Amino acid sequence: MFPRRPPASLAAWLAGARGGGLLGLLANQCRFVTGLRVRRAQQIAQLYGRLYSDSSRCVLLGRLWRRLRGRPGHASALMAALAGVFVWDEERIQEEELQRSINEMKRLEEMSNVFQSSAVERHPPESKSQTSGNEDSKDKEEQPWEMVMDKKHFKLWRRPIAGTHLYQYRVFGTYTDVTPRQFFNVQLDTEYRKKWDALVIKLEVIERDVVSGSEVLHWVTHFPYPMYSRDYVYVRRYSVDEENNVMVLVSRAVEHPSVPESPEFVRVRSYESQMVIRPHKSFDENGFDYMLTYSDNPQTVFPRYCVSWMVSSGMPDFLEKLHMATLKAKNMEIKVKDYISAKPLEMSSEAKATAQSAERKNEGSCGPARIEYA
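As annotated in an unreviewed UniProt entry, the protein is StAR-related lipid transfer protein 7, mitochondrial from Oryctolagus cuniculus. Heading Function (unreviewed entry) of the UniProt record for the protein holds this comment: "May play a protective role in mucosal tissues by preventing exaggerated allergic responses."

A. Quick peek at the overall build of the protein. Of the regular secondary structure elements, the protein holds 11 helices and 10 strands. Within the protein, buried positions represent 41% of all 374 residues. For the protein, the share of sequence-separated contacts (at least 6 apart) that also reach a separation of at least 24 residues comes to 61%. Counting only carbon and sulfur atoms, one obtains 54% of the accessible surface of the protein, whose full area is about 22,300 Å².

B. The arrangement of the layout of surface pockets in detail. By volume, the second largest pocket is sized at about 950 Å³. As for the second largest pocket, its lining consists of 40 residues, of which Arg-193, Trp-219, Tyr-294, Gly-314 and Phe-318 are closest to the centre. Elements supplying a minimum of two residues to the lining of the second largest pocket: helix H7 (180–188), helix H8 (190–196), strand E5 (215–221), strand E6 (230–241), strand E7 (246–253), strand E9 (271–279), strand E10 (288–296) and helix H9 (304–331). By residue class, the composition of the lining of the second largest pocket is 25 nonpolar, eight polar and seven charged.

C. A look at the side chain of Asp-189. Residue placement: Asp-189 occurs in the loop between H7 and H8. Buried within the structure, Asp-189 lacks any salt-bridge partner; its nearest side chain of opposite charge belongs to Arg-236, at an N-O separation of 7.7 Å. From its side chain, Asp-189 meets the backbone nitrogen of Glu-191 in a polar contact 3.1 Å long. A distance of 3.0 Å separates the side chain of Asp-189 from the backbone nitrogen of Lys-337, its partner in a polar contact. Residues within four places of Asp-189 in sequence aside, it is in contact with Val-336, Lys-337 and Tyr-339.

D. Representation of a nonpolar patch on the surface within the structure. A surface patch of nonpolar side chains, amounting to about 250 Å² of accessible area, comprises Phe-32, Val-33 and Leu-36. For Phe-32, the position within the fold is in helix H2 (residues 21–51). Phe-32 sits in the partly exposed class, given a relative accessible area of 47%.

E. Representation of the packing of aromatic side chains in the model. Under the definition given, this model contains 17 aromatic pairs. Considering the side-chain rings of Phe-184 and Tyr-238, the 5.9 Å spacing of their centres and the 75° angle between planes classify their relative orientation as edge-to-face. Of the two residues, Phe-184 sits in helix H7 while Tyr-238 sits in strand E6, which places them 54 residues apart along the sequence. Ring plane angle 85° and centroid distance 5.8 Å describe the contact between Tyr-238 and Tyr-339, whose orientation is recorded as edge-to-face. One end of the pair, Tyr-238, is in strand E6; the other, Tyr-339, is in helix H10 (residues 339–342), and 101 residues separate them in sequence. Tyr-238 gets classed as buried once you look at its relative accessible area, which sits at 7%. A connected cluster of aromatic rings, assembled from ring pairs, spans Trp-219, Tyr-232, Tyr-234, Tyr-271 and Tyr-294. Seen from the ring of Tyr-167, Arg-158 lies directly overhead, with NZ or CZ sitting 4.2 Å from the centre. The aromatic ring of Trp-219 is capped on one face by Arg-193, whose charged end is 4.9 Å from the ring centroid.

Reading guide: rules and limits
Residues numbered from 1 in each chain as written. Predicted model: local features only at pLDDT ≥ 70, side-chain atom pairs only at ≥ 80, totals over all residues. Heavy atoms only, no water. UniProt positions renumbered as here; feature names shortened; annotations may be inferred. Helix = DSSP H or I, 4+ residues; strand = E, 2+ residues; numbered from the N terminus. Buried < 20%, exposed > 50% of the residue type's maximum accessible area, 1.4 Å probe, protein only. Contact = heavy atoms within 4.5 Å. Areas by Shrake-Rupley, 256 points an atom, 1.4 Å probe, with all protein chains shown as cover. 1 Å grid on protein atoms, 1.4 Å probe; cavity = no way out; pocket = protein on both sides within 12 Å on 5 of 7 lines; lining within 4 Å. Points joined across faces, edges and corners; volume = space filled by probe spheres on them. Nonpolar A, V, L, I, M, F, W, Y, C, P; charged D, E, K, R; others polar. Lys, Arg positive; Asp, Glu negative; His and termini not counted. Salt bridge = Lys/Arg side-chain N within 4 Å of Asp/Glu carboxyl O. Polar contact = N/O pair within 3.5 Å; in protein donor to acceptor, adjacent residues only side chain to side chain. Patch = residues over 30% accessible without salt bridge, like charges linked within 9 Å, V, L, I, M, F, W, Y side chains within 5 Å. Phe/Tyr/Trp six-rings, centres within 6.5 Å; stacked < 30°, edge-to-face > 60°. Lys NZ or Arg CZ within 6 Å of the ring centre and 35° of its normal.

Pasting the structure below:
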């Protein structure tokens, strides 16, 4: 026999359902199931953490990255972000990138007579196209350089970047009162830069690659009023070739799972910089030439000519501040880390073989998509 009326608890449940309690119970059930799955994922992650070392997890993640890369939704990027691991196989600065910058410097040196007279050609030697094998890539051809500033020891060019409203900039300059070692070290020392560059809000190394010596940095900097401050996440790698008497530093923007975007800053996703230094004599004697090639997308709504003016005026100002900081460190004997002595690229033969293998696998691969903001 069924009771003539439902139990008090059932009656209360039915009463709650009439007032929206049924939806609340359904939401609680969904939260419960989601919580179970999150805890299960954490347990699996802990298990793999005990079974595999950091390097093994990176290798496994790298294989999954290459397998999923290019699929809709960029599942590989999501996977890496969820795993909290930066995939160095895809993002490290490769040897070819360093050598390409050195070759550009050599072309400028071969045309050194251009810089010894003000009544000559108004553009530096053109780069060899990186897409020479593609006959149907006319839109990717490099544009000619245009002279922006011409001084005795400082020359600045720019050229349009195909398919964008942006410019690429190139500086060729000379300093005679500081040594290449001092200038190079001051440029690399993140702690010292926080002291001499008043625009820096934050600058720190996030992660280092033991194979190539590359390192990921997070840089937050003030922009001219009324613009918001910008932040950059980029990978950099430097090389010091004592035999050929040249130093090179290459940087470019990347994504790193430990540095998500902040609503306080505008993330700059397109950024490249190459600095090559050629000593007049040696690394420890005053005098050197340098070449800086630079481009970024500050993601502003200002017209093209405004952005060009800011960069064209800001670049000489930054280089002069860098020069003065080097002089200050030299004259006041401020302690600056000696990156040349550190020689991060002196690796074991096994590590070099690993790096070369990774670079061969990565040839022709495309970087992750970059999102533009207004």
